[in-house]
Amino acid sequence: MWLSLFRGGVHPDGFKELSATEAIRQLPLPSQLNLPLRQHAGTESLPVVEVGETVLKGQLIGRAGRGLSAPLHAPTSGQITHIGPIVAAHPSGGNTRGITIEPDGKDTPLASMGWTGSGQHEISDSNALLEDKLQHIFAQAPEVLAKRLADAGIVGMGGASFPSAVKLSMASHQSINTLIINGGECEPYLTSDDRLMQERSQAIVLGARFIQHIIKAPAIAIVIEDNKSDAIAAMTIASADYEDIEVITVPTRYPMGSAKQMIQAVTKKEVPAGSRSTEVGVLVHNVATAHAIYQCLTENRPLISRIVTLSGGAIAQPQNVEALIGTPIRHLIEHGGGLKEAPSRLLMGGPMMGQIMPTDQAPLIKGAGGVLALLEKEINDTHRSPCIRCGRCVEACPMGLMPLEIANHSRAQNFEGAVDYGLADCLLCGSCAYICPSHIPLVHYFQYAKGEISRQKANQKRTDYTRELSANRRQRQEQEAAAKAAAKAAKAKRRKRKTEKTN
Amino acid sequence: MNNDPISSPHAHDHSSVSRIMGHVCLALVPCTVFGFYLFGFPAVNLWIITVATAIFCEILCLRLMGYPIRQVFDGSAMLTGWILALSLPPWAPWWIGFVGSIIAIGVGKQLYGGIGQNVFNPAMLARVVLLISFPVHLTTWPVPETSFFATSFSDSLAITFGYLPISDSMTGATALGQFKTELASQVAMADSIQQSLTMADTLLGFSPGSLGETSALLILLGGCWLLAMRVISWHIPVSMLATVAALALLFNSIDPDRYVGISFHLFTGSLLLGAFFIATDYVTSPASKKGQLLFGAGCGALSYIIRTWGGYPEGISFAILFMNALTPLIDAWLRPRIYGRKLDGKPKTYPSPEDSANANASSLSKAGSEPS
C-alpha cells in the first residue's frame, strides 16, 4: 500500500531504547489501590460497595453513571477502606472522588474469571479450549459482545479513555471499511505498546478480530511505526493466517499515533471537521485496547490492569510493567526501576501530551501508557522569549493551523479570534511548542482558551436557561392574568345579560 | 512571563532564538570577509561601528523599557547591525553606520515593542532612511582594491572619520547604476554592459557595490547553509528569484536593448542578499508557506519594476519594505488549509461510505464477471 503522510509533525528524540528491550514484568501488590471514579470520558461511575466490604479481584465496585460512562472493578481482592476524595491523577494535585482498596495479598479472583495468572503466558488456554471459546464468541451477536465490553469497563487505552463499547456500538450503525489497530506509539520514551505487540501479539490479533466481528469491518490494518521492527515482525507472524489483516509500517513521526493523522497516513483521507472517523469508513482502536478486549471476552477479565512504561532520566532501570489500575506512582517507581536521581518532573503519559503529577501519590489510571521521571535537561524548559514569527509552529502543525496566531489571540483574551484560527481543531499534540525556538508554552495558551470558551458556553447556557425560565414565568403570569380578565369579563357579561334579562 | 511548568509538552528540540541568529551570522561570514578583503580597513571600521552601535542601542532600549538585558544575547540586534552594514557603501563615514543602527534598532525595532513586534525589516528601514536623507554618501561606491592593505589602517581611519575626501578616481558606479545612467543617455545598452562586466566578475564579486552584496557565489553559499540548517525555507528566496528571472526573461526577449538579461538581474546588486537574508526575516515575512510564496513573488516583482522603471537603480530595500507592510494582510488571507476542512473552512465532504462501498462492490462484481 502506498502511504501518504500527514502534514507537519515533528521528530522528537525517541529514548525508546531505554526500555524497549525490557520484557513486561509483574509488580508486587501495593499496600493500597486508589481508584478514581472517573478515569474515562463521561460521567463518574457510581460506587456499589460500602466501606469495610471485602471484594474479590474483578468484582464490580462502581457501576457506570448516567450517559457516557464506564464501570469500575476491583483490581485485586481486599477490603474497601475509603470512598471519597483521593489524590487525582491530575496536574492540579487536587482531589477527586474515588475508592480505596487495601489488598489482602491473596489476589483471589471472582469465580467467573477464567484467567488468574500474572500474564506470564500470552494465552493461558490450550488450543482446543481456545478454539472452543472463539467459536462461542464469534457465535454471539455483536450487541451481546459490546455489552460485555461495556460491563468490563473497557475504555480506549491510547490516552483519550473513551468507553470502547460506546465507540463500537456507534460504529456498528455505519459501514466500516477498515479497522485500524493503532500500534503507532509515537510518544517518546513509551514502549508499553511495543512490548505488548512483541509479547502478546496473538492476543492483540484475536482482540482485533473480536472488534472486527462486532463492527463487521471487512479488513483490519495493524499500523506500526517503523522504529518498532520487533513488534512489526511479531504482529506479522501472528496475523499471517488471516488474509484480511494487514500489518502496515508507517514512518516514525510524531503525532502518528493520533487517530486523525494515522487515518490520513493509511487511507489518504481526512476525517471531516466535526465528524467521527466512521465518516470515512474507519474505526481506530489502540493495541492495548484490543488486548483488553481479548482478555475481557476470553477470560472474563474486566479492565483492571495495564502495561506501563517506567522511564526517564531519573529512573535507574527503565522498564515495562503490568500494573494494577490504581497503583500509586510511588509504588510503581519503587518496585519498577527505582530512582537514581531526584526527578525534576513526574509525568503520567508521554512527554509530548502527558500530564505533570505534582505528587507521587497519584494513582495509575486506565489511559496512562507510561509514568516518566524526567530530569531538567530532558525537559529543556529554558527562558522564554517573545515570538519571532519564525513560522516553525505553522510548519509543524499536523492540523494545518497557525499556532502563533491562536496563541496571540488567546493571550489577548480574544477567544473568537482564536477559534477563527482553528482552536477547535487543535489536538493539543504539542508539536508546535516542541519546536518553538522562543520556548513559548503554546499548548498552555490553547488549553487556557479552550477552558475559557467552555466556561463561557456553560455560563451562556445557564443564563439562557434562567432567561427561558423567567420568560416562561412571565408568559404563565400573562396567561393567568388574561384568563382572569377573561373570566372577569365573562362574569360581567353574564351579569349584564342577567340584568338585561331581568329588565 | 512566568516559567511555571504547567502544560505539555515536556520536551523540546533544543532550538533557540540565539541559535537561529547565530546560524544566520555564520552564513554571512563568507560574503562579509570577502567584502573586507575587497574594500580594506574602512569596510572593517564601518562594520564594527554599525554592529557595535546596534548592540549598544539594543541594550539601552531594553533598559529603558525595563526588559531583561539578557535579551540582547539572542543575537538579533547584532544581526540587524550586520545586515545593515552589508547593505551600506563600504567606505561610508562612521556616522552613517552609527545613525543607521540607531534608526534600525531604536526606531525600526524597539519603538514597535522589541523583537517580534516590528512591521518593517529594521535594517532595510534604516537603509532607506539613510538613502533618502544622505543620498551622496549612500551612493559613493569605492572601486575594489587590489589587496586588503591597499588602504593603510591610518588612511582607513581618515576615510571612516571623514577627513579624507574620497577622490573620484577611487570610486566607480555599480553595474545597476551604470546601466541606469547609460539607459538615460541612450547608449546602446548591450554594448556598455558587456564592456564593463564579465560574468566571472559578478559571480566572484570584483565590482563596486555594497559591502556584502558583491559576491553572488559567497552569498549563495551562505544561503545554502541557511537552507541546509533549515533556518529558512526555500519558499521566499526561490519565488523572489524566480519572479525576477521570469520578468527579466520576458522583457529581455521583447526588447534586449532596453532590458537587460536574467544573469545581470540575478547576480548584480543586492537581489541575492535580499532574497536569502533580508526578505526571509521571520518577523516581517508571512508565517504560512503560501504566504511566503506570494511575499517572495511580490518582492521580486517590485524589485524588477523599481530597477527597470523606477528612479533608483536598485529597489530591493523598497520592495521588501513594501511587502513587509502587506505581511499582516497576507497572513490573514493565506492560511494553510486545516485538516478535515476545505479551503473555506467548511468541513470536508466525502461520498458516504455506503456509496464507496457500493462502488467497490460493483467494480468487484464487474471484475468477477469479466472472466465468465
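These numbers come from a predicted model, not from an experiment.

> Break down the overall build of chain A for me, citing the residues and quoting the values.
When helices and strands are tallied, chain A shows 15 helices and 17 strands. Within chain A, buried positions represent 55% of all 503 residues. About 21400 Å² of surface is accessible on chain A, with carbon and sulfur atoms providing 51% of the total. Across chain A, the 53 positively charged side chains and the 48 negatively charged ones have centroids separated by 17 Å.

> Please provide a residue-by-residue account of helix α15 (residues 289-309) of chain B, values included.
With 21 residues, α15(B) should reach 30 Å at 1.5 Å per residue; the first-to-last C-alpha distance of 30 Å fits that figure. Buried residues of α15(B): B:G291, B:Q292, B:F295, B:G296, B:G298, B:C299, B:G300, B:S303, B:Y304, B:I306, B:R307 and B:T308, and no others.

> How would you explain the environment of A:L37 if you had to name every residue and give the values?
All names here are of chain A. Following the sequence through the fold, L37 ends up in the loop between β2 (33-36) and β3 (46-47). Given the relative accessible area of 1%, L37 is considered buried. Note: C-alpha distance between L37 and D104 (67 residues apart in sequence) is 21 Å. Among all residues touching L37, those that are not within four sequence positions of it are E44, S45, P47, L72, R97, G98 and I99.

> Explain the nonpolar core to me, and be specific about the residues and the numbers.
A:I388, B:L28 and B:F277 are the most contacted members of the largest nonpolar core, which has 70 residues in total. At 12 residues, the largest contribution of residues to this core is made by helix α1 (residues 17-39) of chain B. For B:F277, the residues in contact, after removing those within four places along its chain, are B:V24, B:A27, B:L28, B:I83, B:I219, B:G222, B:G223, B:L226 and B:L272.

> Any details on helix α6 (residues 229-238) of chain A? Residues and values, ideally.
Residue and element names in this part refer to chain A. Along α6, the residues classified as buried are A231, I232, A234, M235 and A238. Down the axis of α6, the buried side of the element spans an arc of 165°, and every buried residue falls inside it. Along α6, exposed side chains directed more than 90 degrees from the buried face belong to D230 and I237. Considering only its buried residues, α6 is in contact with α4 (192-199), α5 (201-215), β10 (219-225) and β11 (245-250).

> I'd like to hear about the confidence of the model for chain B, residue by residue, with values.
Residues and elements named next belong to chain B. In this model, chain B carries an average pLDDT of 84, and 84% of its residues clear a pLDDT of 70 or more. Residue range residues 359-372 is modelled with pLDDT below 50. Its contacts to residues more than four positions away, or to other chains, number 0 contacts. On the interface metric, ipTM, the complex scores 0.83, and its pTM is 0.85.

> Which residues make up the interface of chain B and chain A, and what values do they have?
At the interface, 47 residues of chain B touch 66 residues of chain A. Around 5000 Å² of area is buried between chain B and chain A when both sides are counted, 53% of it from carbon and sulfur atoms. Remark: the boundary between chain B and chain A carries 5 salt bridges. For the salt bridge of A:R389 with B:D331, the shortest nitrogen-to-oxygen distance reads 2.7 Å. For the pair chain B and chain A, the interface holds 25 residue pairs in polar contact (both at pLDDT 80 or more). Secondary structure elements with two or more residues in the side of chain B that touches chain A: α1, α16 (316-333) and α17 (353-369) of chain B.

> Any details on the side chain of B:T327? Residues and values, ideally.
With respect to the helices and strands, the residue B:T327 is situated in helix α16. Within polar-contact distance, the side chain of B:T327 engages the backbone oxygen of B:T284 at 2.9 Å. Excluding anything up to four places from it in sequence, B:T327 contacts A:R389, B:T284, B:S285, B:P286 and B:F295.

> Account for the pairing of strand β8 (residues 95-103) of chain A, with residues named and values stated.
Within a regular strand, side chains alternate between the sheet's two faces. Residues and elements named next belong to chain A. Relative to β8, β2 runs antiparallel, the two sharing 4 bridges. When the sheet's bridge partners are listed, L35 is paired in β8 with I99. With 9 bridges connecting them, strand β7 (residues 78-87) and β8 associate as antiparallel partners. Bridging from a neighbouring strand, Q79 pairs with E102 of β8.

> Describe the packing of aromatic side chains, and please don't skip the residues or the numbers.
Going through the model one piece at a time under the given rule, you end up with 14 aromatic pairs over all chains. Judged by centre distance (5.8 Å) and plane angle (50°), the ring pair of B:W94 and B:F98 falls under tilted. Taken together, the residues B:W94 and B:F98, both in helix α4 (residues 94-109) and 4 residues apart, mark about one turn of the helix. Taken together through their ring pairs, the aromatic side chains of B:F251, B:Y259, B:Y304 and B:W309 make up a single cluster. A cation over an aromatic ring shows up here: A:R253 above the ring of A:F6, its NZ or CZ 5.1 Å from the ring centre. Over the aromatic face of A:Y421 sits the side chain of B:R335, whose NZ or CZ is 3.7 Å from the ring centroid.

> Tell me about the pairing of β7(A), and name the residues and values.
The pairing of strand β4 (residues 54-55) of chain A with β7(A) spans 2 bridges and is classified as antiparallel. Bridge pairing in β7(A) places A:V55 opposite A:G78.

> Go over the state of the cysteines with me, naming the residues and quoting the values.
Residues and elements named next belong to chain B. Taken as a whole and assessed by the stated rule, the structure comprises 0 disulfides over all chains. Free cysteine: C31, not disulfide-bonded; nearest cysteine sulfur from C25 at 11 Å. C57 provides the cysteine sulfur closest to C61, a residue in no disulfide bond, and the two sulfurs are 4.1 Å apart. Look at C61 and you get buried, because its relative accessible area is 13%.

> Quick one: what's the story with a nonpolar patch on the surface, residue by residue and with numbers?
Residue and element names in this part refer to chain B. On the surface, L26, V29, V33, W225 and M229 cluster together into a nonpolar patch covering about 400 Å² of accessible area. For the nonpolar patch, the element with the most residues is α1, which contributes 3 residues. Within the fold, L26 resides in helix α1.

The rules we used
- Within each chain, residues carry numbers counting from 1 in the order of the written sequence.
- All chains are assigned letters beginning with A, and all ligands numbers beginning with 1, in the order in which they are written.
- Restriction of local features to residues with pLDDT of at least 70 applies here, the model being predicted, together with a cutoff of 80 or more for giving and counting side-chain atom pairs; totals for whole chains, interfaces and linings are based on all residues.
- Excluding hydrogens and water, the side-chain values take into account all heavy atoms of the structure.
- Numbered from the N terminus, helices here are DSSP runs of H or I no shorter than four residues, and strands are runs of E no shorter than two.
- Relative accessible area decides the class of each residue, using a 1.4 Å probe on protein chains only: under 20% of the type maximum gives buried, over 50% gives exposed, and in between gives partly exposed.
- Note on areas: these come from Shrake-Rupley sampling with a 1.4 Å probe, and a residue is covered only by the protein chains present in the view.
- For the purpose of charge, His is not counted, nor are the chain termini; Lys and Arg are scored as positive and Asp and Glu as negative.
- Each charge is placed at NZ for Lys, CZ for Arg, CG for Asp and CD for Glu.
- To estimate how far a helix should extend, the number of its residues minus one is multiplied by 1.5 Å.
- By definition, residues are in contact when any of their heavy atoms lie within 4.5 Å.
- Residues enter a nonpolar core if they are buried and are Ala, Val, Leu, Ile, Met, Phe, Trp, Tyr or Cys, with the set joined through side-chain atoms within 4.5 Å.
- Note that the arc is computed from the directions linking the helix axis to the C-beta atoms.
- As a per-residue measure, pLDDT tells how confident the predictor is, with possible values from 0 to 100.
- Defined in terms of a 1.4 Å probe, buried area is the accessible area two parts forfeit on being brought together, summed over both.
- Each reported salt bridge corresponds to a side-chain nitrogen of Lys or Arg within 4 Å of a carboxyl oxygen of Asp or Glu.
- Here a polar contact is taken to be a pair of N or O atoms separated by no more than 3.5 Å, where protein atoms must pair a possible hydrogen donor with a possible acceptor and residues adjacent in sequence count only if both atoms sit in side chains.
- Note: two strands are recorded as paired if DSSP finds a minimum of 2 bridges between them.
- Any two of the Phe, Tyr and Trp rings considered here, Trp counted by its six-membered ring, make a pair once their centres fall within 6.5 Å; the pair's planes then place it as stacked at under 30 degrees, edge-to-face at over 60, or tilted in between.
- Remark: a charge is flagged as sitting over a ring if the NZ atom of Lys or the CZ atom of Arg is within 6 Å of the ring centre and within 35 degrees of the ring normal.
- Any cysteine sulfur atom paired with another within 2.5 Å is treated as part of a disulfide.
- Residues with no salt bridge and a relative accessible area higher than 30% make up the patches, which join like charges within 9 Å and nonpolar side chains (Val, Leu, Ile, Met, Phe, Trp, Tyr) within 5 Å.

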